[in-house]
Amino acid sequence: MARVFVYGTLKKGQPNYKHMINTAKGLAKFQGRGRTVEKYPLVIAGKYNIPYMLNIPGTGHHVAGEIYSVDDQMLQFLDEFEGCPDMYQRTLMRIEVVEWEGKGDTGEARAAAEGIMECFVYSTTTYPPEWVGLPYHDSYDSSGKHGLSYILRESRD
């Protein structure tokens, strides 16, 4: 099982969470909540209001999200869903555990207790330069105060 940190539309209560609980796509088990150890710019961009974590460490905010354990099938689905490696790139990042519910091997439990673990994160280095000038967020909610509701793939023209 791999650990994945999600910060956007795949979180609980967000428009694409349905994919995280669709066992036909693989297994994803919620482990807890966390935030990036490094600061990153989290922007909402494009005509579909998609959240992107720009891979510019040290800029922006500590981004909040959820930690999941996923099997190989789900990881492959997420790679395809996230347009990896063109739209997003899956990289390991250090995540500070804020709340842990996971039950797993002792190594995982110890890492959670120590507060920091490595997780795969879908961030991007392939973005238009003007995105750096967009507002930075520390967490994402499709129906947040920003007024930029995410447009589901099935609703796009």
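Placed above this text is the structure.
A few points on the structure. (Residues numbered from 1 in each chain as written. Predicted model: local features only at pLDDT ≥ 70, side-chain atom pairs only at ≥ 80, totals over all residues. Heavy atoms only, no water.)

Comments concerning the pairing of strand β2 (residues 28-36)
Move 1: Here β2 pairs with strand β5 (residues 64-70) via seven bridges, running antiparallel. Within the sheet, the bridge partner assigned to Arg-33 lies in β5 and is Glu-66.
Move 2: With five bridges connecting them, β2 and strand β6 (residues 89-100) associate as antiparallel partners. Looking across to β6, one finds that Arg-33 is bridged to Glu-99. (Pairing = 2+ DSSP bridges. Helix = DSSP H or I, 4+ residues; strand = E, 2+ residues; numbered from the N terminus.)

Quick notes on unusual backbone geometry
Move 1: For the peptide bond that leads from Cys-84 to Pro-85, omega is 15 degrees, which places it in the cis range.
Move 2: Its location among the elements puts Pro-85 in the loop between α2 (72-81) and β6.
Move 3: Positive phi outside glycine occurs at Asn-49, with the angle close to 55 degrees.
Move 4: Inspection of the secondary structure assignment puts Asn-49 in the loop between β3 (42-45) and β4 (50-53).
Move 5: Residue Asn-49 is classed as buried on the basis of its relative accessible area, which comes to 15%. (Buried < 20%, exposed > 50% of the residue type's maximum accessible area, 1.4 Å probe, protein only.)

Overview of the packing of aromatic side chains
Move 1: The full count for this structure, using the stated rule, is four aromatic pairs.
Move 2: Taken together, a centroid distance of 5.3 Å and an interplanar angle of 20 degrees make the contact between Tyr-52 and Tyr-88 stacked. A residue pair is termed long-range when its members are at least 10 positions apart, and Tyr-52 in strand β4 and Tyr-88 in the loop between α2 and β6 qualify at 36 residues. You'll find Tyr-52 and Tyr-88 in the same group, each marked buried.
Move 3: Judged by centre distance (4.4 Å) and plane angle (40 degrees), the rings of Tyr-52 and Trp-131 are tilted. Highlighted residues: Tyr-52 in strand β4 and Trp-131 in the segment after β7 (116-123), separated in sequence by 79 residues.
Move 4: By relative accessible area, which is 13% here, Trp-131 ends up buried.
Move 5: Among the aromatic side chains, those forming a connected cluster through ring pairs are Tyr-52, Tyr-88 and Trp-131.
Move 6: Cation over ring: Arg-90 sits above Phe-120, and NZ or CZ is 4.6 Å from the ring centre.
Move 7: The ring of Phe-81 carries the charged tip of Arg-153 above its face, separated from the ring centre by 4.0 Å. (Phe/Tyr/Trp six-rings, centres within 6.5 Å; stacked < 30°, edge-to-face > 60°. Lys NZ or Arg CZ within 6 Å of the ring centre and 35° of its normal.)

Focus on the layout of surface pockets
Move 1: In this structure, the largest pocket spans a volume of roughly 190 Å³.
Move 2: Lining the largest pocket are 17 residues, with Thr-9, Pro-51, Phe-81, Glu-82 and Tyr-88 positioned closest to its centre.
Move 3: When contributions to the lining of the largest pocket are tallied by element, the ones reaching two or more residues are β1 (2-6) and β4.
Move 4: Class assignment of the residues belonging to the lining of the largest pocket gives a composition of eleven nonpolar, three polar and three charged. (1 Å grid on protein atoms, 1.4 Å probe; cavity = no way out; pocket = protein on both sides within 12 Å on 5 of 7 lines; lining within 4 Å. Points joined across faces, edges and corners; volume = space filled by probe spheres on them. Nonpolar A, V, L, I, M, F, W, Y, C, P; charged D, E, K, R; others polar.)

Section: the pattern of salt bridges
Move 1: Under the criterion given, the structure shown has four salt bridges.
Move 2: Between Arg-35 and Glu-96 there is a salt bridge whose closest N-O contact spans 3.0 Å. With Arg-35 in strand β2 and Glu-96 in strand β6, this pair connects stretches of sequence that are 61 residues apart.
Move 3: Its relative accessible area of 33% is what places Arg-35 among the partly exposed residues.
Move 4: Across the salt bridge formed by Arg-90 and Asp-79, the nearest N and O atoms sit 2.8 Å from each other. With Arg-90 in strand β6 and Asp-79 in helix α2, this residue pair connects regions lying eleven residues apart in the sequence.
Move 5: Using a relative accessible area of 27% as the deciding quantity, one classes Arg-90 as partly exposed.
Move 6: On the basis of relative accessible area, Asp-79 is assigned to the buried category, the value being 17%. (Salt bridge = Lys/Arg side-chain N within 4 Å of Asp/Glu carboxyl O.)

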